[in-house]
Amino acid sequence: MQKIKQLISEKLSRYAAEAFPGSTLTPADIVSMLEYPPDSGMGDLALPCFKLSRSLRRSPVQIAETLAAGLCTAAQERPGPVGSANAVNGYLNIRISDAYLVGSVLPEILQKGDKYGAPVGWEGKKIVLDYSSPNVAKPFHIGHLGTTVIGHSLKMLFEFAGCECVGINHLGDWGTQFGKLITAFRLWGNREEVEEKGIDELVALYVRFHAEAEKDASLEDRARAEFTKLEHGDKENLELWRWFVDISIKEYKKTYKQLGIEFDSYNGESFYTDKMPEQVEILRQKNLMKLDDGASIVDLSAYDMPPCLILKRDGSTLYPTRDIAAAVYRKRTYNFDKCIYVTSAGQCLHFQQWFKVMELMGYDWADELVHVPYGTVSINGSKLATRTGNVILLKDLFAQAIEKVKAIMAEKSPDLANRDEAAEAVGVGAVVFYYLSGSRMRDINFIMEDALSFDGNTGPYVQYTYARTCSVLEKAGEVGDVDMNITAPEEAELLKIMCRFRERAEAAINDYEPFYITRFILDVASAFNRFYHNCRIIDEADEVVRTTRIKLTQAVNIVLGRAFGLICLKKMSKI
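One structure accompanies this document, and this report is about it. Predicted model, so just to flag it, every value in this text is computed and none were measured.

1. Re the side chain of serine 13
- Structurally, serine 13 can be placed in helix α1 (residues 2-19).
- A residue is classified by how much of its surface remains accessible, and serine 13, at 12% relative accessible area, is buried.
- Excluding residues within four positions of it along the chain, serine 13 makes contact with Leu25, Thr26, Pro27 and Ile30.

2. Observations regarding the sheet that holds strand β4 (residues 126-130)
- The strand order across the open sheet built from four strands is β5-β4-β9-β10, with neighbouring strands paired in parallel fashion. For this open sheet the edge positions go to β5 (164-168) and β10 (369-374), each flanked by a neighbour on one side alone. Across the sheet, the mean angle from the axis of one strand to that of its neighbour is 20 degrees, orientation sign disregarded.
- Judged from the four bridges that link them, β4 and strand β9 (residues 338-344) form a sheet pairing that is parallel. What sits directly across from leucine 129, in β9, is isoleucine 340.

3. Some details on the nonpolar core
- Formed by 162 residues in total, the largest nonpolar core has its most connected members in Leu47 and Leu92.
- The contact partners of leucine 47, leaving out residues within four places of it in the chain, are Leu12, Ile30, Met33, Leu34, Leu52, Leu67, Gly90, Tyr91 and Leu92.
- By size, the runner-up hydrophobic cluster in this structure holds 31 residues, among which are Val298, Ile324, Val357 and Ala366.

4. Quick look at the sheet that holds strand β7 (residues 295-298)
- Strands sit in the order β6-β7-β8 across an open sheet of three strands; the sheet is antiparallel. A strand with exactly one partner marks an edge of an open sheet, and here the two such strands are β6 (289-292) and β8 (308-311). Neighbour-to-neighbour, the strand axes of this sheet turn through a mean angle of 45 degrees, independent of strand direction.
- Of the pairings in the sheet, the one linking β6 to β7 comprises four bridges and is antiparallel in character. Following the sheet pairing, aspartate 292 is matched in β7 by alanine 295.

5. Some words on the pattern of salt bridges
- As enumerated under the stated definition, the model contains 32 salt bridges in all.
- Put simply, arginine 224 and aspartate 221 hold a salt bridge, and the shortest N to O gap is 2.5 Å. Of the two residues, arginine 224 and aspartate 221 both sit in helix α10 (residues 218-231), three residues apart, roughly one turn of that helix.
- Given the relative accessible area of 47%, aspartate 221 is considered partly exposed.
- Here glutamate 278 ties to arginine 332 by a salt bridge, and the two come within 2.7 Å at their closest N and O atoms. Of the two residues, glutamate 278 is situated in helix α12 (residues 276-285) and arginine 332 in helix α13 (residues 319-334); the sequence distance between them amounts to 54 residues.
- Among the residues examined, arginine 332 registers a relative accessible area of 57% and is labelled exposed.
- Taken together, the shared-partner salt bridges in this structure form one network comprising Arg186, Glu226, Lys229 and Glu236.

Analysis parameters
- Position numbers for residues count from 1 along each chain, tracking the sequence in the order it is written.
- Only residues with pLDDT of at least 70 are given local features in this predicted model, and only at 80 or more are side-chain atom pairs given and counted; all residues enter the totals for whole chains, interfaces and linings.
- Hydrogens and waters are ignored; side-chain quantities use all the structure's heavy atoms.
- Segments assigned H or I by DSSP are reported as helices when at least four residues long, segments assigned E as strands when at least two residues long, and all are numbered from the N terminus.
- Each residue's exposure class comes from its accessible area (1.4 Å probe, protein chains only) as a fraction of the maximum for that residue type: buried when under 20%, exposed when over 50%, partly exposed otherwise.
- Contacts are assigned to residue pairs with any non-hydrogen atoms lying within 4.5 Å of each other.
- Pairing between two strands requires that DSSP report at least two bridges joining them.
- Axes here refer to lines fitted to C-alpha atoms; in helices the fit is confined to the stretch in contact. Angles between the N-to-C directions go from 0 to 180 degrees.
- What is meant by a nonpolar core is a set of buried Ala, Val, Leu, Ile, Met, Phe, Trp, Tyr and Cys residues, joined one to another through side-chain atoms within 4.5 Å.
- Here a salt bridge means any side-chain nitrogen of Lys or Arg lying within 4 Å of a carboxyl oxygen belonging to Asp or Glu.

Written out as structure tokens, the structure reads:
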């Protein structure tokens, strides 16, 4: 749609200069003002001329009528994107030409294929993304889904735009929780049971520790002592810690495989332990740190923020210290243009604080650090808490979704050869699509029945739509080259929606909002299903009409398939 807007805006800028002497209205000015009418019956694009009244010294009605006349004359003299234009109460309403849609938009989709809709202006940029990042030895639950799918969707969007991306899983693999886990393992665990049950047994030990610590406070002291030994390189504790980390990563990778996600780095908090002293020394040299009740802080009161804690009273580091060291390491290693952190909105202050500290330290690239927050997840209104066991494990959620899909497929498609593969793709896709079906900042009260619903605007609905396009194309076989022609409004509607792909992808990148792609997919799927039900395709007698509709189906297949990859949704040709 940007190309169409640009072509129309160039003409309008020229007409304005001819009709209104002294006009300085540029194509870029007009592009920024073009809107989509609330009712498609009004047109495909609209220019509100009220904003031009002062600069052009004419009434909005006169401006709209003058520009409409110019567009209509041009459309008659030389074919282009404008099919018709009319002025209504100060608005210039424009309808896109069917001939342009079928003669330019459709061939462009077919020619560019998976590159169609790619955002521009990002080529060659280096983007580092920090996302997912579960705490080692804790379960991968529904609370981790947001950072994981939002983060990976952004990675796919930036790669679509031509960026070189680095996906980092900044594991929570250091901290006092390991002292608790080591204590729990030595008191109640055994190696054989942990090897057999994996992370589930580690979680059980962690939960038991907290239950027992409520009755025996000395356990907390013992846990702190075990973590201190770990920090000082105690051989036995280090071996246990590495074992816990390996077990956890092995389990996490099973979930990532279901989502189709791979990371370039699993460097967690522990990786930066030896890189923090350098940053602490820089803070000291620049006189940014001061003591406050024994702790070392950076005073941020001048910026209306609480102090940023750098060192505890005992000299041990905190999250800001590790994040600063990690950012410096990543800049030196990857020389990024942006480093994006996808975490819950509850961490907004934390990121604001240490971003400001980075700026005060003199890192002139601090403005390349971006925090992308998202809303909280609760279960039937209750807050998630590992220590109390109030979680929905992702592997359990995916398993339930997959089993539900299998039952449906056994009834609807009993002869489907790839039923297990399709059920996993659709089941996992249902959960992902449910999560990404709204703005990332919304708080989600996770209700299992809603997440696994297969009615309405859902993941299964759009995946079935994609499979339908595959079925049509398989039955159609090869088609020849003919002059294509639009003969039904459903065809034009489909092309108008698909030509907004780049616009939606660019908006998703600029706002760090995968929801725009989810909404776009639903719009394309809905338009295609109207077209499919109302227009003959394979059995259409007219060769030109039949070929046009088959190629239109091919375009939908391309666009939907490419958009799926931007939100962790898998393509299945048969469901």
